[in-house]
Amino acid sequence: MTLDKSALRWGASILAVALLAGGTGYWAGHRQAPQSEATTPAGAGKVLYWYDPMFPNQKFDKPGKSPFMDMQLVPRYADGGSAGAAPTVAVDPAARQSLGLRVVAAKMGSLASALEVTGTIDFNQRDVAVIQARSGGFVSRVYARAPGDVVRAGAPIADLLLPEWGGAQTEYLSVRRLGKPDLTAAARQRLRLMGMSDGLIASVERSGRPNGVVTITTPISGTIQTLDARASVTLAMGQTLAQVSGLGTVWLNAAVPEARAGDVRVGQNASTTLAGFPGERFAGRVIAILPTTQADSRTLTVRIELPNRDGRLRPGMFASVALGGDAKPALLVPSEAVIRTGRRTLVMLAAGDGRYHPAEVRIGREAGGETEILAGLSPGENVVVSGQFLIDSEASLSGIEARPIGGGAASATIAAPASKATLYETTGKIERITANSVTLSHEPVPALDWPAMTMTFALANPGIARGFKAGDRVRFGFDRPPAGPTLRHMAKVAGQ
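Residues numbered from 1 in each chain as written. Predicted model: local features only at pLDDT ≥ 70, side-chain atom pairs only at ≥ 80, totals over all residues. Heavy atoms only, no water.

J.: Can you help me understand the side chain of Thr 486 in this one?
T.: Its location among the elements puts Thr 486 in strand β32 (residues 486–492). Residue contacts for Thr 486: discarding those within four places in its chain leaves Ala 458, Leu 459, Ala 460, Gly 477, Phe 478, Asp 479 and Pro 481. (Helix = DSSP H or I, 4+ residues; strand = E, 2+ residues; numbered from the N terminus. Contact = heavy atoms within 4.5 Å.)

In structure tokens, the structure reads:
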């Protein structure tokens, strides 16, 4: 009997727990339904399906937890926009917060070009001295020199016995004794034409005796590259005795990828670091861009000249080079906002109310986490910089076409700031004219909060620049379509 009562009490306890759990589940289910409806964005259309943003190609017919990720499925709504609006991807506020979407406006700014490349130190091939025999003769003495030695200017290389010079000096002394200035001057000029220095001629005049032994010295400081002078060797006129390369300046031959060829110009500053001198930078400048490209590495050689006053930079050293340029005005977006598909480059535009649309852009330089937009975007347009790849994937699945470069009717509903054809006017000087653009150094534009700067404007019509030339001061008007600032009219300033 005791066992029966215990069993009854145990069964009653189990039944009470079950009823409590069932009541709690019923209450939670009724409480969650209104919350699901409350998160539906205002103005959104009918829910087409639910999906996991990390696996947008999988569709579900009811809400719930994703079988792939530890997150709730996201509803995909029918586009509730008007018939004339461009198709967009709608994301409700809860999903935006879950995905961590972040939006930044494109803005005008300065972008200094920076290019990191490598190179090797080489001799300055413009600072070379070739030492030759000016007359036939013999090597009577060779000083203690060898290839690779570093010598100073005026250092002796070899003593040469030149019989022809001795004979010419004897004739000069004989003419000089005649006391006829004209003949003396002519005989002295003959010695100079044979290659004798004024110092040697003066020494012969002072001593009154010919000197057929001449000491050959190096005219510059540097390192001996070749040395062909050997004792008792017979020399012919013009025979090379030695070659010396200067070390006052050296060349740095840097390998620049051909895709970045447009970022390098002659006269550009360069900063160099070497492993042998940690923490130290050597400043130089680009003196030449060689006309050929290395076929195997697809690089072009940029020649940089570096001062080498203390002789620490030695040919053959490996160096890292930072090629910098002047900061130039540009339309900038964060580099993380740019989507490179391999076939084209896109950004995701934020149209407001949780709607997004892809736009094709053409990019330029990149530095400091920012990328230059050359075409396809206007200042003030908002781009997505976090979570844009998921939106782009959804747009691709929905068949939404990206706004092409140059805009179009579809882009008017996405980027309201770009649709206003506001004309801005200022004055400036023409720096350069091409078939499709004009580069102007213009005064500030207060309406755009632009400072005085030099920038390139596209020509709305090539005829606008007809009759103008570089250096003309002009009054001009421009607007800012998605393709970039475009010149609409231009006139010379009075008194030009």
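J.: Any chance you could explain unusual backbone geometry here in plain terms?
T.: As a rule of thumb, non-glycine residues mostly have phi less than zero, and peptide bonds are mostly trans rather than cis. Its identity as a non-glycine residue notwithstanding, Ser 232 has a phi of 70 degrees, on the positive side. Its location among the elements puts Ser 232 in the loop between β13 (222–227) and β14 (234–235). Residues other than glycine seldom take positive phi values, yet Arg 298 does so here, at roughly 55 degrees. Mapped onto the secondary structure, Arg 298 falls in the loop between β18 (282–294) and β19 (299–307).

J.: Hey, could you run me through a nonpolar patch on the surface in this one?
T.: Together, Phe 138, Leu 161 and Val 213 give the surface a local cluster of nonpolar side chains, amounting to about 230 Å² of exposed area. Of note, Val 213 is situated in strand β12 (residues 213–217). What makes Val 213 partly exposed here is its relative accessible area of 38%. (Patch = residues over 30% accessible without salt bridge, like charges linked within 9 Å, V, L, I, M, F, W, Y side chains within 5 Å. Areas by Shrake-Rupley, 256 points an atom, 1.4 Å probe, with all protein chains shown as cover. Salt bridge = Lys/Arg side-chain N within 4 Å of Asp/Glu carboxyl O. Buried < 20%, exposed > 50% of the residue type's maximum accessible area, 1.4 Å probe, protein only.)

J.: What's the story with the confidence of the model for the protein in this structure? I'm lost.
T.: Any segment with low pLDDT has predicted coordinates that should not be analysed in fine detail. Averaged over the protein, the pLDDT score is 79; the fraction of residues at 70 or greater is 79%. Counted against residues more than four places away or in other chains, residues 408–420, with its pLDDT under 50, gives 16 contacts. (pLDDT = per-residue confidence, 0-100.)

J.: Would you mind going over the packing of aromatic side chains with me for this structure?
T.: Given two aromatic rings, one states the distance between the centres and the angle between the planes to describe the pair. According to the stated counting rule, one finds five aromatic pairs in the structure shown. Both rings, one in Phe 277 and one in Phe 282, keep their centres 5.8 Å apart while their planes meet at 70 degrees; by these two values the pair is edge-to-face. Residue Phe 277 is classed as buried on the basis of its relative accessible area of 17%. Looking at Arg 312, its charged tip hangs above the ring of Phe 277, at a distance of 4.7 Å from the centre. (Phe/Tyr/Trp six-rings, centres within 6.5 Å; stacked < 30°, edge-to-face > 60°. Lys NZ or Arg CZ within 6 Å of the ring centre and 35° of its normal.)

J.: Can you walk me through the nonpolar core in this structure?
T.: Generally speaking, soluble globular proteins have nonpolar side chains that are buried together. With 29 residues, the main nonpolar core has Ile 157, Leu 160, Trp 165 and Met 196 as its most contacted residues. Broken down by secondary-structure element, the contributors of at least two residues to this core are β11 (156–161), α3 (163–177), α4 (181–193), α5 (198–207), β12, β13 and β15 (240–246). The leading source of residues in this core is α3, at four residues. When neighbours within four sequence positions are excluded, Leu 160 is seen to be in contact with Ala 133, Phe 138, Val 139, Ser 140, Gly 212, Val 213, Val 214, Ile 216, Leu 235 and Leu 241. (Core = buried A, V, L, I, M, F, W, Y, C linked by side-chain atoms within 4.5 Å.)

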